[in-house]
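# Understanding the architecture of this molecule
These are the residues of each chain, in order.
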Amino acid sequence: NMPKLVLIRGWPGSGKTTMAKEMSGFYHVEADMWFVNNIGEYIFDPTKLQQAHDWCHEVAANHLEMGDDVVVSNTFTRKWEIEKYHQMAKVLGADFEIIEAKGNFKNTHGVPEEKVQQMKNRMEPYNV
């Protein structure tokens, strides 16, 4: 049975994490998890963002290789960010799907409203 890779994309507060957590049977990973310390505090460091995304990509690949269905919830505003995962799915023989989260909830990481608006404005369409 082919594993499945699902990406949930959207701006902060769109409901990505909540949607991912509700997908039973899927291993859930997102770059934000890298910023949570061992006592559960979220400490964001923009200088470590690339490291967090590399970690997320690696964890997703490892779980797909083990045959797990994987859901990744990141903003994925840019095509190239999605393309990296689309290629992974192809290489590892996984089904690939993108879900767009479009809710408008209070984002849990205190991202300022103007920054959220910038992300909404730069969301690039992606067709599988």
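Because the structure is a prediction, the values reported are computed rather than measured.

Moving on: the packing of aromatic side chains. Tallying each qualifying case throughout the model produces five aromatic pairs. Ring plane angle 15 degrees and centroid distance 6.4 Å describe the contact between tyrosine 42 and phenylalanine 44, whose orientation is recorded as stacked. For tyrosine 42, a relative accessible area of 27% corresponds to the partly exposed category. The class for phenylalanine 44 is partly exposed, based on a relative accessible area of 40%. Ring centres of phenylalanine 76 and tyrosine 85 lie 5.4 Å apart, and the angle between their planes is 90 degrees; this geometry places the pair in the edge-to-face category. Joined through ring pairs, the aromatic side chains of Trp34, Phe35, Tyr42 and Phe44 make up one cluster.

Here we take up the pairing of strand β3 (residues 69-73). For β3, the tally of buried residues reaches four of five residues, placing the bulk of the element in the interior. Pairing of strand β1 (residues 4-9) with β3, which is carried by four bridges, proceeds in the parallel orientation. For valine 6, the partnering residue across the bridge sits in β3 and is valine 71. Bridging between strand β2 (residues 26-29) and β3 involves four bridges; their strand directions are parallel. In the strand pairing of β3, phenylalanine 26 is matched with aspartate 69.

Conventions and cut-offs
Residues numbered from 1 in each chain as written. Predicted model: local features only at pLDDT ≥ 70, side-chain atom pairs only at ≥ 80, totals over all residues. Heavy atoms only, no water. Phe/Tyr/Trp six-rings, centres within 6.5 Å; stacked < 30°, edge-to-face > 60°. Buried < 20%, exposed > 50% of the residue type's maximum accessible area, 1.4 Å probe, protein only. Helix = DSSP H or I, 4+ residues; strand = E, 2+ residues; numbered from the N terminus. Pairing = 2+ DSSP bridges.

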